[in-house]
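These are the residues of each chain, in order.
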Amino acid sequence: MLVNGKNECIHCTINNCTYHAKNEDYCTLEAIKVGTHESNPTMKECTDCESFVNKA
Ligand code: SF4
């Protein structure tokens, strides 16, 4: 649920994303999709936020 435009259930520090809450480390989407770029993910580095959109 969004509160004041941010989703307090989704903490995020990716300032470069269009959906980042700017001055607070939250996402502004209702939900995100997490996926992987690996065929056999074994570490957190293998995971991606697939809802990311470059702010630029
Ligand atoms: S879409 Fe993903 S990367 Fe972008 S602010 Fe939300 S959680 Fe962070």
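Up top is the structure.
By convention here, each chain's residues receive numbers from 1 onward along its written sequence. In keeping with the model being predicted, local features are shown solely for residues with a pLDDT of at least 70 and side-chain atom pairs are shown and tallied solely at 80 or more, while totals for entire chains, interfaces and linings include all residues. With hydrogens and water set aside, each side-chain value is computed from the structure's full complement of heavy atoms.

## So, the site of the ligand
Working step 1: Every residue close to the ligand is listed here: I10, C12, I14, C17, Y19, H20, C27, L29, I32, C49, S51 and F52.
Working step 2: Partitioned by chemical class, the residues of the shell around the ligand number 10 nonpolar, two polar and no charged. If even one non-hydrogen atom of a residue comes within 4 Å of a molecule or strand, that residue is called near it. Just so you know the grouping, Ala, Val, Leu, Ile, Met, Phe, Trp, Tyr, Cys and Pro go in nonpolar, Asp, Glu, Lys and Arg go in charged, and all remaining residues, Gly too, go in polar.

## Points about the side chain of N7
Working step 1: The residue N7 is located in strand 2 (residues 6-11) in this model.
Working step 2: Note on classification: 1.4 Å probe, protein chains only; a residue is buried when its accessible area is under 20% of the maximum for its type, exposed when over 50%, partly exposed between these limits. Given the relative accessible area of 2%, N7 is considered buried.
Working step 3: Any pair of nitrogen or oxygen atoms within 3.5 Å is treated as a polar contact; in protein, a donor-acceptor pairing is required on top of that, and neighbouring residues in sequence qualify only through side-chain atoms on both sides. Only 2.9 Å separates the side chain of N7 from the backbone nitrogen of C9, close enough to count as a polar contact.
Working step 4: Of note is the side chain of N7, whose polar atom sits 3.1 Å from the backbone oxygen of L29.
Working step 5: Between two residues, a contact is recorded if the distance between any of their heavy atoms is within 4.5 Å. In contact with N7, not counting residues within four places along its chain, are M1, L2, Y26, C27, T28, L29 and E30. Here a strand is any run of E in DSSP of at least two residues, a helix any run of H or I of at least four, and the numbering for each starts at the N terminus.

## Here's the deal with the pattern of salt bridges
Close approach of charged atoms allows side chains of opposite charge to pair.
Working step 1: The working definition used for a salt bridge is a side-chain nitrogen of Lys or Arg within 4 Å of a carboxyl oxygen of Asp or Glu. By the definition in use, this model includes three salt bridges.
Working step 2: When the shortest N-O distance is used, the salt bridge between E24 and K6 registers 3.3 Å. Taken as a pair, E24 in the loop between strand 2 and strand 3 (26-27) and K6 in strand 2 lie far apart in primary sequence, 18 residues in all.
Working step 3: Overall, E24 belongs to the partly exposed group, its relative accessible area being 35%.
Working step 4: Between E50 and K33 there is a salt bridge whose closest N-O contact spans 3.5 Å. With a gap of 17 residues between them, E50 in the segment after strand 5 (47-49) and K33 in the loop between strand 3 and strand 4 (34-36) connect regions that are remote in the sequence.
Working step 5: With relative accessibility at 39%, the residue E50 sits in the partly exposed group.
Working step 6: Residues joined by salt bridges that share partners form a network here, namely K6, E8 and E24.

## Structural notes on the sheet that holds strand 2
Working step 1: Strand pairing is assigned whenever DSSP identifies at least 2 bridges connecting the two strands. Taken in spatial order, the three strands of this open sheet run 1-2-3, and their pairing is antiparallel. Strand pairing shows two members of the sheet lacking a second neighbour, strand 1 (2-3) and strand 3, which therefore form its edges.
Working step 2: For strand 1 and strand 2, the ladder comprises two bridges, and the chain directions are antiparallel. In the sheet register, L2 faces strand 2, and the bridge partner there is N7.

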